[in-house]
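# Understanding the architecture of this molecule
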Amino acid sequence: MRTRKQTRAEESAERTPPAQHKPTVVTITKIEAPTISPSKRDGARPAAARSKLPQLIQFPLVTFLSFSLTALGYSLSWPYTKGLLVPHVRVLSTWSDWGLVVGWRIFELALGWFGNYDGYDITALNLLSHGPLLYLLYAFYEAPPSALLLTLTIETLATYLPFRLLRPLSTAHADPTHAPNADIVTDRPIKLLTTLLAGAIYSVTLFFAYATYLPSYLVVYFTNLPSIATAHEATYVGLLPVTLVLGFAARAFIFTPAEATPRSTKEDGEKFDPMNASLKETVRWNFWGWTPPTKVIIQRTVLLMLVTGTNTFLQTRFTIEGVETPGAAAWSSVWVLAAAVTGLALGAVGSG
């Protein structure tokens, strides 16, 4: 039998609501609120940063903007850029000359756009491919440094701005602290040492060319060259102010994106089975079975060699008065060799 006291206690318990739910809800809300940050957790790009224009018109728009900015920049700065370089400039007098120079420029932009490079990548590549011509004008034609720096600024902005407007920066450039291998990508001593390494390679390569074959080509195939004294007076240290700038650009273009690429996992390495692989798969693995960072270094080094060599040759041959084809080829070969050795050295550092 139930007593009145037991009955009242049960009725009182039924009327009393649980008292633990409200604090639990508040606690969960406080925990969940700060964790909703996918962009910082995964290094993702904000959706608003991507262009909403149709893919079909993006590259034509990049090309149009680049040529328009170049024309506008030179029109506004003519007395301080092209006007000062007129004594050394060769006029493009035939349609074939125009087609080569303009066609290569469009192809160069296409390599950057369809290669999925961002504004920082294309700026570094632009600096590395235009630097040799401007250095030639400064070292051997006594062109004013202010005109050359302004020219480089116009060319760089005309390349950077269209890419920056229509394509977001990669995680390695926009938010390196959340990129793969962030401890390497953001380490300042590593940045400094790799820049010095790349700059030293450019300096040694140029000095080697001055000490061997380049002076004879300058004398024979550069008919309007005032003097080649720079080639005989150059020193390793004297070349560093120029080559360190190129080294910085080379590090930004080759080393940083490679180190920001995730290494392959154990499962990736087990995809190739040498016991059951076909001949085609075996050949492909032997020639291209590298880790993803190494592939990035190889691809970017080859691209740098192609763009630097071709751009330097065309600009030297067709835009400077008195330069013959062998001379332009000799001058561009210096920078192709420097790009190749730099990529190899940065790859060796990265693989370590």
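Further up the page is the structure itself.
Residues numbered from 1 in each chain as written. Predicted model: local features only at pLDDT ≥ 70, side-chain atom pairs only at ≥ 80, totals over all residues. Heavy atoms only, no water.

### Overview of helix 4 (residues 55–76)
Taking 1.5 Å per residue as the helical rise, helix 4 with its 22 residues ought to reach 32 Å, and the 32 Å between its terminal C-alpha atoms agrees with that figure. Turning to helix 4, its buried residues number three or more, namely Gln58, Phe59, Val62, Thr63, Ser66, Thr70, Gly73 and Tyr74. Relative to the axis of helix 4, the buried residues are bounded by an arc of 135 degrees and lie together on one face. Opposite the buried face of helix 4, by more than 90 degrees, sit the exposed residues Leu56, Phe64, Ser75 and Leu76. Lining the buried residues of helix 4 we find helix 5 (82–85), helix 6 (95–114) and helix 8 (145–166). (Helix = DSSP H or I, 4+ residues; strand = E, 2+ residues; numbered from the N terminus. Expected span 1.5 Å × (residues − 1). Buried < 20%, exposed > 50% of the residue type's maximum accessible area, 1.4 Å probe, protein only. Arc of directions from axis to C-beta. Contact = heavy atoms within 4.5 Å.)

### What to know about the nonpolar core
Core analysis: the largest hydrophobic core is formed by 66 residues, its most contacted members being Phe140, Tyr141, Tyr202, Tyr210 and Trp331. Considering each element in turn, this core owes the most residues, twelve residues, to helix 7 (residues 119–140). When near neighbours in sequence (up to four residues on either side) are disregarded, tyrosine 141 contacts His88, Leu136, Phe222, Asn224, Leu225, Pro226, Ile320, Glu321 and Val323. (Core = buried A, V, L, I, M, F, W, Y, C linked by side-chain atoms within 4.5 Å.)

### Concerning the packing of aromatic side chains
Per the counting criterion, the structure on display carries 14 aromatic pairs. Here the aromatic residues Tyr135, Phe140, Tyr202, Tyr210, Trp331 and Trp335 are joined through ring pairs into a cluster of three or more. Looking at arginine 167, its charged tip hangs above the ring of tryptophan 113, at a distance of 3.9 Å from the centre. A cation over an aromatic ring shows up here: arginine 317 above the ring of phenylalanine 318, its NZ or CZ 5.3 Å from the ring centre. (Phe/Tyr/Trp six-rings, centres within 6.5 Å; stacked < 30°, edge-to-face > 60°. Lys NZ or Arg CZ within 6 Å of the ring centre and 35° of its normal.)

### Notes on the packing of helix 6 against helix 17 (residues 292–319)
Interhelical geometry of helix 6 versus helix 17 gives an angle of 160 degrees and a closest axis separation of 11 Å. Taken together, helix 6 and helix 17 sit at an angle that is classed as roughly antiparallel. Relative to helix 17, helix 6 is oriented so that their crossing is left-handed. When helix 6 is examined against helix 17, the residues Asp97, Leu100, Val101, Trp104, Glu108 and Leu111 are found in contact with a partner set consisting of Leu303, Leu306, Val307, Thr310, Asn311, Leu314, Gln315 and Phe318. Class assignment of the residues belonging to the contact of helix 6 with helix 17 gives a composition of nine nonpolar, three polar and two charged. (Axes fitted to C-alpha atoms, helices over the stretch in contact; angles between N-to-C directions. Parallel < 35°, antiparallel > 145°, perpendicular 65-115°, else oblique. Left-handed = near helix turned anticlockwise from the far one by under 90°. Nonpolar A, V, L, I, M, F, W, Y, C, P; charged D, E, K, R; others polar.)

### Things to note about the packing of helix 7 against helix 8
For the pair helix 7 and helix 8, interaxial distance at closest approach is 9 Å and the crossing angle is 160 degrees. In terms of axis orientation, helix 7 runs roughly antiparallel to helix 8. Pair helix 7 / helix 8 crosses with right-handed handedness. Residues Gly119, Tyr120, Ile122, Thr123, Asn126, Leu127, His130, Leu134, Leu137 and Tyr138 of helix 7 touch helix 8, and the partners they reach there are Pro145, Leu148, Thr151, Leu152, Glu155, Thr156, Thr159, Tyr160 and Phe163.

### Considering the environment of threonine 186
In this structure, threonine 186 sits in the loop between helix 10 (182–185) and helix 11 (188–211). The spacing of threonine 186 and proline 176 is ten residues in sequence and 6.5 Å in space, taken between C-alpha atoms. Excluding residues within four positions of it along the chain, threonine 186 makes contact with Pro176, Thr177 and Lys191.

### A short note on unusual backbone geometry
Positive phi is not limited to glycine here, since asparagine 116 has a value of about 65 degrees. Among the structural elements, asparagine 116 can be located in the loop between helix 6 and helix 7. Asparagine 116 gets classed as exposed once you look at its relative accessible area, which sits at 55%. Unusually for a residue other than glycine, asparagine 181 sits at a positive phi of about 60 degrees. Mapped onto the fold, asparagine 181 is located in the loop between helix 9 (171–174) and helix 10.

### Observations regarding the pattern of salt bridges
According to the stated counting rule, one finds three salt bridges in the structure shown. Between arginine 90 and aspartate 97 there is a salt bridge, and its shortest N-O distance comes to 3.4 Å. Each member of the pair, arginine 90 as well as aspartate 97, is classed as buried. Close ionic contact of glutamate 108 with arginine 105 constitutes a salt bridge, the shortest N to O distance being 3.4 Å. With glutamate 108 and arginine 105 both in helix 6 and three residues apart, this pair spans about one turn of that helix. (Salt bridge = Lys/Arg side-chain N within 4 Å of Asp/Glu carboxyl O.)

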